[in-house]
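One letter stands for each residue in the lines below.
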Amino acid sequence: MENNKSDNMNKVMWVAFQTIVLREIRRFLRIWVQTLIPPAITMALYFVIFGSLIGSRIGDMGGFSYMQFVVPGLIMMSVITNSYSNVVSSFFSAKFQRNVEEMLVSPVSNFVILSGFVIGGVARGLAVGAMVTLLSLFFTHLQVSHVFIMCSIVFLTAVLFALAGFINAVYAQSFDDIAIIPTFVLTPLTYLGGVFYSISLLPEFWQLASKLNPILYMVNAFRYGVLGVSDINVAYAFGMIIIFIIFAFAFALHLLGSGKGLRT
Amino acid sequence: MDALNIHQLQKTYNNKFHALKGVDLTVAQGDFFGLLGPNGAGKSTLIGILCSLVVKTSGKVEIFGVDIDQDFSKAKQMIGVVPQEFNFSQFEKVIDIVVTQAGFYGIPRPLAMQRAEKYLTKLGLWEKRSQAARMLSGGMKRRLMIARALVHEPQLLILDEPTAGVDIELRRSLWDFLREINKQGTTIILTTHYLEEAESLCKNLAIIDQGQIIKNTSTKELLTQLNQETFVFDLQDALTQAPDLGIYRVTHCDGKTLEIEIDRGVNLNGVFKALEEKNIKVLSMRNKVNRLEELFVHLLNDNKVDNVKALNEKAVVHGK
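1. A closer look at the overall build of chain B
Along the backbone of chain B there are ten helices and 14 strands. Here chain B, with 320 residues, has 38% of them falling under the buried criterion. Looking at chain B alone, contacts between residues at least 24 apart form 67% of all its contacts between residues at least 6 apart.

Following this line, the structure appears as structure tokens:
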């Protein structure tokens, strides 16, 4: 009896999870002009300007052409930005339009709500990442050194930033609040996270300072997966991302449970 | 089994506002129950607690015997909610809103599509299924929220002012629809400001004021307590002041209109006789307000007086 009840509730949660993920995917596909095209255009410009025009004068970096060196970083940058912004804008809009109440009044658990939004964000991050990767093939040749590392690091990074976007959306009270973190935190950390250069070029102090930036680890681990070179130990990167994910997931779940900004 | 059982429900918001002060309420299975009260009385707080958008401070709530503190997920499966304000994504298609809501209740997509067709058709929205919700009129948006609340076929449907801002024709068609749903076995709890609506639909009523239930009885029983009605008389010739009609209390509204309060059981012929004696010619006569509305106002006024009395008594005690 108790088992049947639990099975039934598991079925409800599974259907609810699929529903949230599908709705999230449908949302970013419906507004593809805002969600998919701009990052593709921006990255194409990066490839043209930094890769082809300026890159050809920079020469090799880490044993690869500058174009090959920046491509993994730019893919990662688009994954980070898009998985974050998908969840922050979707969840905040749901709060703003109050349609988040559709989920809150239903039997869906907080775990399922959070997982659904996160996977929705990961889907957009990976979709844009795949588009950017395809675009990069017009500019350079890419070989993949470690497929598992490449795939797992990009997935975990997307999960982490989708969670961060969710936490931002829970605290946000206005549309300004969902722009502050991406503009003043995410973008500077990404630009200083070894996307465009190897930290071995920096003076020792700045190398140490750079190592405090978590995005450096993600970009370099991904670059290791693609090119086989990295400024940092890839195992550190995995460990750090997994620890961040556990903390971010637990915190986001706590926020949902406490009803922060959702329940009175 | 009761559809809803509330015992000593209290809610104090963070700003110390005491919205519910120990509410006890029972709604029988199959009932069409009206929850009435002025703005700020606690109706929406009470409904918010039932659907988990408001966290109660204390007290016990059972939905079809399921304690919300024990198994809120199970309790939520039995409730459908139509909130006061539009709370769907304005950019989603009508059909997607309804099918998605079914998904939150674990209803697989093919069945959700069938149910969406059933309820959107019943509520006259099937033709609009592919339109974005923002393109719908106000009345259609209200109906969309009802279809969405019904898609998982709840045993208890809670409607928070479902006909606010809806024209009379649509309001009446919604009433028919709700009566049909209720006849099929769904328990309905309705809050409304239109007392005509409550009188017409609800079998039982509770009146809430300042966070307390001040009346909880059947609609019939409540209406028998009405001991006075006010009639409006339109006159042929203008008067300069209210005439003295003996036992009848007369108010002079404007030259050609009088309001006369008549106690329950008093023969109306007497009024006409008194008017005839004063040579006042009546062109037409009507009830001033809906009967329930009149009673509602009296009850709220009585409650206010009681509260003032209680405060004064408290002040005297403290003064001692």
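2. Structural notes on the domain arrangement of chain B
Often the size quoted for an interface is simply the accessible area lost on bringing the parts together. Under the domain assignment, chain B is made up of domain 1 (2–224) and domain 2 (230–288). For domain 1 of chain B versus domain 2 of chain B, the separation of C-alpha centres amounts to 42 Å.

3. Remarks on helix H5 (residues 138–150) of chain B
An ideal rise of 1.5 Å per residue puts 18 Å on 13 residues; H5 of chain B measures up with 19 Å between its terminal C-alpha atoms. Packed against the buried residues of H5 of chain B are strand S6 (79–82), helix H3 (94–104), helix H4 (109–122) and strand S7 (156–160) of chain B.

4. Quick word on the interface of chain B and chain A
Opposite the 24 residues of chain B that make contact, chain A presents 21 residues. Listing elements by their share of the side of chain B that touches chain A, those giving two or more residues are helix H2 (72–77) and H3 of chain B. It is H3 of chain B that contributes the most residues to the side of chain B that touches chain A, four residues altogether. A per-class count over the side of chain B that touches chain A returns twelve nonpolar, ten polar and two charged.

5. Considering the sheet that holds strand S14 (residues 282–287) of chain B
Residues and elements named next belong to chain B. Strand order in the open sheet formed by four strands is S12-S13-S11-S14, with antiparallel pairing between adjacent strands. Looking at which strands have only one partner, the edges of the open sheet turn out to be strand S12 (249–254) and S14. Looking at each pair of strands side by side, their axes are set apart by 25° on average, direction ignored. One ladder, built from five bridges, connects strand S11 (residues 228–235) with S14; its direction is antiparallel. When the bridges of S14 are listed, phenylalanine 233 appears paired with methionine 285.

6. Focus on the nonpolar core
Ala162, Phe166 and Met218 of chain A together with Val98 and Ile158 of chain B are the most contacted members of the largest nonpolar core, which has 148 residues in total. With 17 residues, the top contributor of residues to this core is helix H4 (residues 66–96) of chain A. Membership of the second largest hydrophobic core comes to five residues, among which are Leu258, Ile260, Val271 and Leu275 of chain B.

Reading guide: rules and limits
Residues numbered from 1 in each chain as written. Chains lettered and ligands numbered in written order. Predicted model: local features only at pLDDT ≥ 70, side-chain atom pairs only at ≥ 80, totals over all residues. Helix = DSSP H or I, 4+ residues; strand = E, 2+ residues; numbered from the N terminus. Buried ≥ 20, exposed ≤ 12 C-beta atoms within 10 Å, placed from the backbone. Contact = placed C-beta atoms within 7 Å. Domains from an automatic or database assignment. Expected span 1.5 Å × (residues − 1). Nonpolar A, V, L, I, M, F, W, Y, C, P; charged D, E, K, R; others polar. Pairing = 2+ DSSP bridges. Axes fitted to C-alpha atoms, helices over the stretch in contact; angles between N-to-C directions. Core = buried A, V, L, I, M, F, W, Y, C linked by C-beta atoms within 7 Å.

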